[in-house]
Amino acid sequence: MSQVLTKRRKTGYAFGIFVESLVYNMFYTYYLTFLNEIVGISPKYSSIVIFISIAWDAITDPIIGNYTDRGGVDKRKIMKLSLVPLGLVFILAWTSIGAGLSTQFAKVMLYTLISMCIWVFYTMYTIPYYAIVPELTQDYDERTSIRSAASLVNGIAVGLGNILPALVPTVAILLTEKYASNSYAVIAALISIMAVIFGFICVKSLKGVYTPKPVTQDNSNTSLKDTFRAFFNVFSSRAAKIFLVFVFFFLTGSSMIQSNLTYMVVDCVGMEYDTGIVYVIISLVISMVIVVPIVEKVAIKKDRRFACLTFLSVTLVGLVICKFIGLDKTVGGFHIMAVVVAVLLGIGVGTFWTLFYSMSYDLVELDEFKSGVRHEAIVTALPQLVQKFGSAFGILLAGQFLSLYGYDSSQDIAGKESLMVRVEDAHIVGGMENISTVFPAVAIGICIIALVCYPMTRKNVELLMSQLEKKRSGKQYSKSGLEKLL
């Protein structure tokens, strides 16, 4: 690091989260609905499209992580190269070019291929973006501070990534009937432009702060075999296994809620789409903005695990209560659950994204202590891979549950915005309600159990760092007290 990591540069880095969050949130909240309602793919198949495309990252994550971890590779350049292709493919993914295809198979194949391309360029940006932090600082609290700043900016990005697509009906009115089905593509273009601009701001802010790792015998040409060996070494520790269970099940639960927001608002809560989704997104963003600094303070005063346990428990209990009360509950004529569920999701998501990456950075030092080599990108890629699998699995479950409960819009005329028509079948509506409450509550409950068992507390991380410093300097070090980590 050749220059000081100033507040201004930290802010510039934080702006980089717009790239990831804008794309991520529009995709995870609306793509299942888009494929169901505009393209005309059955829910049981549309959820498979999303799952396969993200599972493809199981291949690209280690490849990209392997390459960016090599000595002499500039992570900034990899991020920069990914931006424009990501924006262009993202726009293509939201066009209705496949709506007129005659078979479900043809539609599934087309949108699966396009979605796979999104995640290649997304990964090219996000792995270097997140992996660069442990190269900037190894301070426990500064890492939390950097990620907290990014999480605050993320609140705005989450809002934009979710609320801009809510303008689809308005855009459809402005377009001619022939092009109305491409309203999502117009919003995707706006989001892509913003993502590219903020991505370039981030890359520029790291100039002079970040220096590529020098080429050494250990990192000059690491093979994929070495990468998977590093994956295995990281995963072999008790701490990493528990952490990945926590990641997988939180994302499973939160993505189920997120991908079901449209159906929740219209069919479960009983609001008009245009106004209901606005209430949901505003409540989501405000709750995130409020909870992030509180989570940061609790994490710094206590530790990250305690903060996660505290706030995710609030989300879990809240979802269970919502199920008992019913999502169609009104207070003074207002459909209050549109706000309550969104706030609960905001508390959970705000907590997770504030602490997830700073918690994963601890595994970098754990891996270095075990192997003697630092693998920032590879170690970052592993939790990110599991994160994507968890998110994809949550959407897969949402789509399959929609199908099992009897919902199927694949016979509707593409582009007619049939999602605005309220479902009257009580059985289907009950299933949609479960997708937003009971099922995600079970997943978050499992992730809380994992957190209870997670050994990477502040005390243990500080002990690890003290012994690692001794090992780096060639002094005698001890594994005593680190058994739970290793």
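For clarity, every value in this text was computed on a predicted model and none was experimentally measured. (Residues numbered from 1 in each chain as written. Predicted model: local features only at pLDDT ≥ 70, side-chain atom pairs only at ≥ 80, totals over all residues. Heavy atoms only, no water.)

Remarks on the overall build of the protein
Argument step 1. Regarding its fold elements, the protein presents 20 helices and zero strands.
Argument step 2. When contacts within the protein are restricted to residue pairs at least 6 apart in sequence, those whose partners lie at least 24 apart make up 85%.
Argument step 3. Split by element, the accessible area of the protein, about 18,200 Å² in all, is 67% carbon and sulfur.
Argument step 4. In the protein, 41 positive and 33 negative side-chain charges are present, and the distance between their average locations comes to 9 Å. (Helix = DSSP H or I, 4+ residues; strand = E, 2+ residues; numbered from the N terminus. Contact = heavy atoms within 4.5 Å. Areas by Shrake-Rupley, 256 points an atom, 1.4 Å probe, with all protein chains shown as cover. Lys, Arg positive; Asp, Glu negative; His and termini not counted. Charge placed at Lys NZ, Arg CZ, Asp CG, Glu CD.)

Overview of the packing of helix α13 (residues 261–269) against helix α18 (residues 426–436)
Argument step 1. Interaxial distance between α13 and α18 falls to 9 Å at its minimum, and their mutual angle equals 135°. In terms of their interaxial angle, α13 and α18 are classed as oblique. The two elements α13 and α18 cross, and the hand of that crossing is left-handed. The segment α13 lies against α18, with Tyr263, Met264, Asp267 and Cys268 engaging Val429, Met432, Glu433 and Ser436.
Argument step 2. Taken together, the residues of the contact of α13 with α18 sort by class into five nonpolar, one polar and two charged. (Axes fitted to C-alpha atoms, helices over the stretch in contact; angles between N-to-C directions. Parallel < 35°, antiparallel > 145°, perpendicular 65-115°, else oblique. Left-handed = near helix turned anticlockwise from the far one by under 90°. Nonpolar A, V, L, I, M, F, W, Y, C, P; charged D, E, K, R; others polar.)

Considerations on the pattern of salt bridges
Oppositely charged side chains are able to pair whenever their charged atoms sit close together.
Argument step 1. A complete count under the given rule lists six salt bridges for this structure.
Argument step 2. For Glu368, the salt bridge goes to Arg472, with nearest N and O atoms at 2.8 Å. Note that Glu368 is positioned in helix α16 (residues 337–371) and Arg472 in helix α20 (residues 458–472), a separation of 104 residues in sequence.
Argument step 3. What makes Arg472 partly exposed here is its relative accessible area of 33%. (Salt bridge = Lys/Arg side-chain N within 4 Å of Asp/Glu carboxyl O. Buried < 20%, exposed > 50% of the residue type's maximum accessible area, 1.4 Å probe, protein only.)

Here we look at empty space enclosed by the protein
Argument step 1. One pass over the structure, following the stated rule, counts two cavities of 30 Å³ or more.
Argument step 2. Roughly 150 Å³ of volume is contained in the largest cavity.
Argument step 3. What lines the largest cavity is a set of 17 residues, among which Tyr24, Asn25, Gln258, Val349 and Trp353 lie closest to the centre.
Argument step 4. Elements represented by at least two residues in the lining of the largest cavity include exactly α2 (17–39), α8 (140–163), α12 (238–259), α14 (273–301) and α16.
Argument step 5. Looking at which element gives the most residues to the lining of the largest cavity, the answer is α2, with five residues.
Argument step 6. Residues of the lining of the largest cavity, tallied by class, amount to ten nonpolar, six polar and one charged. (1 Å grid on protein atoms, 1.4 Å probe; cavity = no way out; pocket = protein on both sides within 12 Å on 5 of 7 lines; lining within 4 Å. Points joined across faces, edges and corners; volume = space filled by probe spheres on them.)

What to know about the environment of Gly390
Argument step 1. Position of Gly390 relative to the elements: it lies in helix α17 (residues 376–404).
Argument step 2. Look at Gly390 and you get buried, because its relative accessible area is 0%.
Argument step 3. Along the backbone, Gly390 and Phe235 are 155 residues apart, and their C-alpha atoms lie at a distance of 16 Å.
Argument step 4. The residues touching Gly390, leaving out its near neighbours within four places in the chain, are Phe248, Leu251, Thr252 and Ser255.

As for the packing of aromatic side chains
Argument step 1. All chains considered together, the criterion is met by 35 aromatic pairs.
Argument step 2. Measuring from centroid to centroid gives 6.0 Å for Phe243 and Phe356, while their planes differ by 10°, and the two rings are stacked. Residue Phe243 is found in helix α12, and its partner Phe356 is found in helix α16; the two are separated by 113 residues along the sequence. A single burial state applies to Phe243 and to Phe356, both of which are buried.
Argument step 3. The positively charged end of Lys302 is found above the aromatic ring belonging to Phe306, 5.1 Å away from the centroid.
Argument step 4. Positioned above the aromatic ring of Phe369 is the side chain of Lys471, whose terminal nitrogen or guanidinium carbon lies 5.3 Å from the ring centre. (Phe/Tyr/Trp six-rings, centres within 6.5 Å; stacked < 30°, edge-to-face > 60°. Lys NZ or Arg CZ within 6 Å of the ring centre and 35° of its normal.)

Some remarks on the nonpolar core
Argument step 1. Judged by nonpolar contacts, the single largest core of 158 residues is most densely connected at Tyr13, Trp94 and Phe246.
Argument step 2. Top element by residues in this core is α16. It accounts for 19 residues. (Core = buried A, V, L, I, M, F, W, Y, C linked by side-chain atoms within 4.5 Å.)

Considerations on the environment of Ile286
Argument step 1. Within the secondary structure, Ile286 sits in helix α14.
Argument step 2. In this structure Ile286 comes out as partly exposed when scored by relative accessible area, which is 46%.
Argument step 3. Sequence separation between Ile286 and Tyr28 is 258 residues, and the spatial gap between their C-alpha atoms is 20 Å.

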